[in-house]
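Residue-level structure breakdown
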Amino acid sequence: MSENRIRLGVNIDHVATVRNARGGFHPDPIRAALLAEKAGADGITAHLREDRRHIKDTDIERLMAEIKIPLNFEMAATDEMLAIATRLKPASSCIVPEKREELTTEGGLDVIGYYNHLEGYIAKLKDAGVSISLFIDPDVNQIKASNELGADKIELHTGSYVDAQGNARMDELERLRVGARYSGEINLEVHAGHGLNYETVEAVAAIPEFTEFNIGHFLIGEAIFGGLENTIAEMRALMDQGRENCA
Ligand code: PXP
């Protein structure tokens, strides 16, 4: 296995979305996490939103107890989430912006705008031994500010790249490349995620500085047709192919 291999974090939020549609227990997101682990996922990501629209508190507690691979706990920078993260101590917390009315996480965290709030907030999480990731747009100034804040890593938002078409997509890919390269220069671990699918993942995997992708919606949706294990294996293969192309 190449030491240059990109880790795959599987986001299971939308298994919970389907479960919650009927208010019962099926499908169980923890069962999906365990299957993802078996299929070769390197981590599990789950976002406990303020409105608990998909993942619930008990899901996070069960994930912490039942999975062996690291949990990447996505959270807004609120007091409520700080209390949960410092109590449960997931392997890492990814701080994301969160607005109640949005469909999903739209745009990255404004680290520059919220610098003062984040400074104390991150320090408390780090004191509890939680590794911190900040979910930001591929913008050099945001990356620089994240590094100054003491983030252990950043995750660059790939949504604009995925949503764009043709030359505009190439421009967005270049933004990701520039952001990842800058992160490498300042020795800041850099991840990517949001909206990635079979069509868009390889080109991002070819950017050598990326060490982890977090992918959810496409994997869970595609699993309806191909099964979760096959879908993860196919995504894994495309990531490896993309990484080989950059060698
Ligand atoms: N990374 C972060 C920080 C996210 O907020 C999300 C969406 O919850 C993802 C990755 C995964 O995005 P998607 O579900 O579109 O693959």
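Now for a quick tour of the structure. Note that the structure is a prediction, hence the values are computed from the model and not measured. (Residues numbered from 1 in each chain as written. Predicted model: local features only at pLDDT ≥ 70, side-chain atom pairs only at ≥ 80, totals over all residues. Heavy atoms only, no water.)

It is worth spelling out the overall build of the protein chain at this point. Assigned secondary structure in the protein chain consists of eleven helices and eight strands. Compactness check: the protein chain gives a C-alpha radius of gyration of 17 Å against a globular reference of 18 Å for 247 residues, within 12% of the reference. For the protein chain, the C-alpha atoms occupy an extent of roughly 45 × 45 × 35 Å along the three principal directions. Taking all 247 residues of the protein chain together, 50% fall into the buried category. Contacts in the protein chain between residues at least 24 apart in sequence constitute 67% of all its contacts with a sequence separation of at least 6. For the protein chain, the separation between the mean place of its 26 positive charges and that of its 41 negative charges on side chains is 4 Å. (Helix = DSSP H or I, 4+ residues; strand = E, 2+ residues; numbered from the N terminus. Rg over C-alpha atoms; globule rule 2.2 N^0.38 Å. Buried < 20%, exposed > 50% of the residue type's maximum accessible area, 1.4 Å probe, protein only. Contact = heavy atoms within 4.5 Å. Lys, Arg positive; Asp, Glu negative; His and termini not counted. Charge placed at Lys NZ, Arg CZ, Asp CG, Glu CD.)

The next subject is the pattern of salt bridges. Oppositely charged side chains can form a pair if their charged atoms are brought close together. Across all of its chains, the model carries 18 salt bridges by this definition. D51 is paired through a salt bridge with R53; the nearest N and O atoms lie 3.0 Å apart. Under the relative-accessibility criterion, D51 is labelled partly exposed at 29%. Across the pair R87 and E61 runs a salt bridge, and its minimum N-O distance is 3.2 Å. A residue pair is termed long-range when its members are at least 10 positions apart, and R87 in helix 4 (residues 79-88) and E61 in helix 3 (residues 57-66) qualify at 26 residues. Residue E61 is classed as partly exposed on the basis of its relative accessible area, which comes to 36%. Residues participating in the shared-partner salt-bridge network are R5, D42, R236 and D240. (Salt bridge = Lys/Arg side-chain N within 4 Å of Asp/Glu carboxyl O.)

Counting buried residues in strand 6 (residues 153-157) gives five out of five residues, a clear majority hidden from the surface. Along strand 6, one buried face is formed by K153, E155 and H157 and the opposite face, lined by I154 and L156, is buried too. The sheet contact formed by strand 5 (residues 131-136) and strand 6 spans four bridges and is parallel. By the bridge assignment for strand 6, I136 is matched with L156. What joins strand 5 to strand 6 is helix 6 (residues 140-148), and the crossover it makes is right-handed. Bridging between strand 6 and strand 7 (residues 189-193) involves five bridges; their strand directions are parallel. Bridge pairing links E155 to H191 in strand 7. (Pairing = 2+ DSSP bridges. Right-handed = clockwise from strand over helix to strand, strands pointing away.)

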